[in-house]
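Commentary on secondary and tertiary structure
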Amino acid sequence: MVKEETSITLMNGGMHSQKAYAKMTAMLTKHSYVHPRLYHLVLMGSEIKKEYLSHLKALCFELR
C-alpha cells in the first residue's frame, strides 16, 4: 500500500490509519455521489460516552 498524506494530516501528526483512508477514498470516488463530502467530527468536553452518542445521533438525524 502506498502511504498517502494530506497537508491537514501532516499538520495534525500524520495519518492515523492508511487502511481507513484508502477505504474512505474508494467510497467517495467509486460511487455515483454527485457532490461527495467527508466530515471528520471531534467531540470534546465530556467523559460520558452516552452524551457523545446522543449528540452524534441528533446530528445524523438532521443531516438525513
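Placed above this text is the structure.
Residues numbered from 1 in each chain as written. Predicted model: local features only at pLDDT ≥ 70, side-chain atom pairs only at ≥ 80, totals over all residues. Heavy atoms only, no water.

**Details of the overall build of the protein**
Selection rule: For the purposes of this entry, the term helix denotes a DSSP run of H or I that reaches at least four residues, the term strand denotes a run of E that reaches at least two, and both are numbered from the N terminus. We compute the radius of gyration over the C-alpha atoms and compare it with the globule rule, which gives 2.2 Å times the number of residues raised to the power 0.38. With a 1.4 Å probe rolled over the protein chains alone, any residue whose accessible area is under 20% of its type maximum counts as buried; one over 50% counts as exposed, and the rest are partly exposed. Values of accessible area rely on a 1.4 Å probe in the Shrake-Rupley scheme; residue burial ignores everything except the protein chains shown. Charge counting follows a simple rule: Lys and Arg are positive, Asp and Glu are negative, and His as well as the terminal groups are ignored. Think of each charge as sitting on NZ of Lys, CZ of Arg, CG of Asp or CD of Glu.
In terms of regular secondary structure, the protein is built from 3 helices and 0 strands. Mapped in sequence order, the helices and strands of the protein form the string α-α-α. The C-alpha radius of gyration computed for the protein amounts to 15 Å, which surpasses the reference 11 Å derived for 64 residues by more than 25%, pointing to a less compact arrangement than a globule. Projected onto its principal axes, the C-alpha coordinates of the protein cover approximately 35 × 30 × 20 Å. Relative to its 64 residues, the protein shows a buried fraction of 12%. Total accessible area computed for the protein in this model is approximately 6,300 Å², and 61% of it derives from carbon and sulfur atoms. Considering the protein, the positive charge centre built from 9 side chains and the negative charge centre built from 5 side chains are found 10 Å apart.

**Points about a nonpolar patch on the surface**
Heads up, the rule is: Residues forming no salt bridge and having over 30% relative accessible area are the ones grouped into patches, like charges within 9 Å of each other and nonpolar side chains (Val, Leu, Ile, Met, Phe, Trp, Tyr) within 5 Å. Here, a salt bridge means any Lys or Arg side-chain nitrogen found within 4 Å of an Asp or Glu carboxyl oxygen.
Together, Tyr-39, Leu-41, Leu-43, Leu-53, Leu-56, Leu-59 and Leu-63 make up an exposed nonpolar region whose accessible area comes to about 680 Å². Here Leu-59 shows up in helix H3 (residues 49–63).

**A few points about helix H2 (residues 18–29)**
Inclusion rule: What a helix should span is 1.5 Å times the count of its residues minus one. For this quantity, the arc is that covered by the directions from the helix axis to the C-beta atoms.
Here H2 contains 12 residues, and its C-alpha end-to-end distance of 16 Å stays within 8% of the 16 Å for a straight helix at 1.5 Å per residue. Along H2, the residues classified as buried are Gln-18, Tyr-21, Met-24 and Leu-28. One side of H2 carries all its buried residues, which in axial view fall inside an arc of 125°. Opposite the packed face of H2, turned more than 90 degrees from it, sit the exposed residues Lys-19 and Lys-23.

**Examining the environment of Asn-12**
Checked against the element boundaries, Asn-12 lands in the loop between helix H1 (7–11) and H2. Given a relative accessible area of 54%, Asn-12 falls into the exposed group. Along the chain, Asn-12 and Ser-46 lie 34 residues apart, while their C-alpha atoms are 22 Å from each other.

**Description of the environment of Glu-47**
Inspection of the secondary structure puts Glu-47 in the loop between H2 and H3. For the pair Glu-47 and Leu-28, spaced 19 residues apart in sequence, the C-alpha to C-alpha distance is 32 Å.

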